[in-house]
Every structure is written in C-alpha cells, then in structure tokens.
Amino acid sequence: MHYRSFAKVAILPYIGGTLAHILRLFYQFPLGEAPHWIHWAIVLIGGYAWSGFVLYSGIVQFKGIWDKILYCLVIFHLGGSVVLHGYSLTTHSNQWMTVFSLQYSYFAVLYFIVLGIYCYQLSRRAQFQHN
C-alpha cells in the first residue's frame, strides 16, 4: 500500500543523506566522487517516496501552516534530488555535485535531520484517508 508507506520510505534518503554529509565533514571527500549506486538508491527510493507525497497530498490532514510548508519542502527536495541523481545516471557524471562546497554539508546535515524527523512524524500519523 503506497499511501501507507511513502512517508516511511522517505525517512531512508534523509538518514542516508545525513550520514553522508556527516562523513563528508569528517573525511572531506568531494561530492564529485560519489559512488554510482548512490544515484540509483536516490532515484528508486526517493522517487517512490516523492510520488507518494505528490499523489496523496490531497488526503493528508495538515496540522497548520508549518506542516504544509515542511510537506512542500519535502516534495521540492525529494523531487529535485531524484531529478539531479537521475541526471547523473543518464550522463554518467557527478559534475553537478561539485557546486556544493564542503561548508554546504553543515547546512545539509541540519535540513536532512529536520526533513527526516518530519517524514518520521508524518509516517506515525494515523490521519491518512485513502479514497
């Protein structure tokens, strides 16, 4: 059941992204050297989760404006990530990733944690109604 799992699945790329950016901060490896399998994982897992956020946005019972804002940020971030990582798969290049400096990873860790916690909380809600 896609509508019951998309928010749970969305937690995975946020956990992985948080860990990747923390490791990047410690070991200072360049993003342009990211392994190929990461792109597949983001496209498949992130694409599944993103499609759920888009398809079921009409049945989520939001708890105020911040809930809607975070929901939209997840849609934007996951969708953008799927497109960019898909681009890496089609071009066999990580060149676009080189625009993100090492300092970007400090910010990325923060927003990956926030969006991951949001996906976790969303997945715990029993307020999804599927028509």
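Predicted model, so just to flag it, every value in this text is computed and none were measured. Position labels on residues start from 1 in each chain and follow its written sequence. Whole-chain, interface and lining totals are the exception, using all residues; otherwise, since this is a predicted model, local features are given only for residues with pLDDT of at least 70 and side-chain atom pairs are given and counted only at 80 or more. Derived side-chain values reflect all non-hydrogen atoms in the structure, with water molecules and hydrogen atoms excluded from consideration.

Talk me through the packing of aromatic side chains; I want residue IDs and the actual numbers.
Note on aromatic pairs: each is described by the distance of the centres and the angle between the planes. Working definition: a ring pair exists when centres of Phe, Tyr or Trp rings (six-membered ring for Trp) sit within 6.5 Å. Plane angles under 30 degrees give stacked, over 60 give edge-to-face, the rest tilted. Applying the stated rule across the entire model yields 11 aromatic pairs. A ring pair is formed by Phe-6 and Phe-53, whose centres lie 4.9 Å apart and whose planes are at 85°; its orientation type is edge-to-face. With Phe-6 in helix 1 (residues 2–27) and Phe-53 in helix 2 (residues 36–55), this pair connects stretches of sequence that are 47 residues apart. When accessible area is computed with a 1.4 Å probe and restricted to protein chains, residues below 20% of their type maximum are described as buried, those above 50% as exposed, and intermediate ones as partly exposed. Residue classification places Phe-6 among the buried positions, given a relative accessible area of 0%. Residue classification places Phe-53 among the buried residues on the basis of a relative accessible area of 0%. Put simply, DSSP marks the helices as runs of H or I at least four residues long and the strands as runs of E at least two long, and each gets a number from the N terminus on.

Which residues make up helix 4 (residues 104–124), and what are the values?
Counted at 1.5 Å a residue, the expected span for helix 4 with its 21 residues is 30 Å, and the 30 Å between its end C-alpha atoms agrees. Inspection of helix 4 places Tyr-104, Ser-105, Ala-108, Val-109, Tyr-111, Phe-112, Leu-115, Gly-116, Tyr-118, Cys-119, Leu-122 and Ser-123 among the buried residues, and these make up the whole buried set. Check the buried side of helix 4 and you find it contacts helix 1, helix 2 and helix 3 (65–91). A helix is expected to reach a length of 1.5 Å times the quantity of its residues less one. When checking whether two residues touch, look at their non-hydrogen atoms; a contact exists if any pair is within 4.5 Å.

Help me get a handle on the nonpolar core, residues and values and all.
The set of buried Ala, Val, Leu, Ile, Met, Phe, Trp, Tyr and Cys residues whose side-chain atoms join them within 4.5 Å is what this entry labels a nonpolar core. Grouped together as the largest cluster of nonpolar side chains are 23 residues, with contacts concentrated most on Tyr-14, Phe-53, Tyr-71, Val-74, Leu-78, Cys-119 and Leu-122. Of all elements in the fold, only helix 1, helix 2, helix 3 and helix 4 reach the threshold of two or more residues within this core. The element contributing the most residues to this core is helix 4, with 8 residues. Excluding its chain neighbours within four sequence positions, the residues that come into contact with Tyr-14 are Val-74, His-77, Leu-78, Phe-112, Leu-115, Gly-116 and Cys-119.

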